[in-house]
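Letter by letter, the chains look like this.
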Amino acid sequence: MEAFMKLMGMCITFIPSVYFASYMIKKATSEQRFDFHLKKVKDKAGLYGILIAIFNRVILFFLVTVLGMYITSCFSNSIYFDVLIVLFIMYIISYFFDNKNDI
């Protein structure tokens, strides 16, 4: 069971990096959903809205990565748990402001 948890945690840890690489490759040929979101936010909130949207994505990247590392440690590392809670709260706050700028 421990080996399964470590394997699952490692997979979750590398998902954001693979997703970012895929986004950058696809961005070269066409505009992505996030690009349309940035344009919409720029029209409504300007530079502040763009920074909030990018901050939201960066926090989500770190949240998933730390979650994978916490699972890999078999839920025994309390520092990962503390960082995970802080990142989750920051993600909820940034998501709220990003969603408010999008509507």
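Residues numbered from 1 in each chain as written. Predicted model: local features only at pLDDT ≥ 70, side-chain atom pairs only at ≥ 80, totals over all residues. Heavy atoms only, no water.

Q: Please set out a nonpolar patch on the surface residue by residue, giving values where relevant.
A: A cluster of nonpolar side chains, namely Tyr48, Phe81, Ile85, Ile89, Ile93, Phe96 and Phe97, defines an oily patch on the protein surface of about 680 Å² accessible area. At 6 residues, the largest contribution of residues to the nonpolar patch is made by helix H3 (residues 78-102). Within the secondary structure layout, Ile85 lies in helix H3. Classification of Ile85 by relative accessible area gives partly exposed; the value is 37%. (Patch = residues over 30% accessible without salt bridge, like charges linked within 9 Å, V, L, I, M, F, W, Y side chains within 5 Å. Areas by Shrake-Rupley, 256 points an atom, 1.4 Å probe, with all protein chains shown as cover. Salt bridge = Lys/Arg side-chain N within 4 Å of Asp/Glu carboxyl O. Helix = DSSP H or I, 4+ residues; strand = E, 2+ residues; numbered from the N terminus. Buried < 20%, exposed > 50% of the residue type's maximum accessible area, 1.4 Å probe, protein only.)

Q: Describe the packing of aromatic side chains, and please don't skip the residues or the numbers.
A: The final tally for this structure, using the stated rule, is 6 aromatic pairs. For the pair Tyr70 and Phe75, a centre-to-centre distance of 5.2 Å together with 80° between the ring planes defines the contact as edge-to-face. The class of Tyr70 is buried, set by a relative accessible area of 11%. A relative accessible area of 46% places Phe75 in the partly exposed class. Summarising the aromatic geometry, the rings of Tyr91 and Tyr95 are spaced 5.9 Å apart at their centres and angled 35° between planes, so their arrangement reads as tilted. Here Tyr91 and its partner Tyr95 are both found in helix H3, 4 residues apart, which amounts to about one turn of the helix. With a relative accessible area of 18%, Tyr91 lands in the buried category. Each residue in the set Tyr70, Phe75 and Phe81 is aromatic and connected to the rest through ring pairs, giving one cluster. (Phe/Tyr/Trp six-rings, centres within 6.5 Å; stacked < 30°, edge-to-face > 60°.)

Structural measurements only, silent on function.
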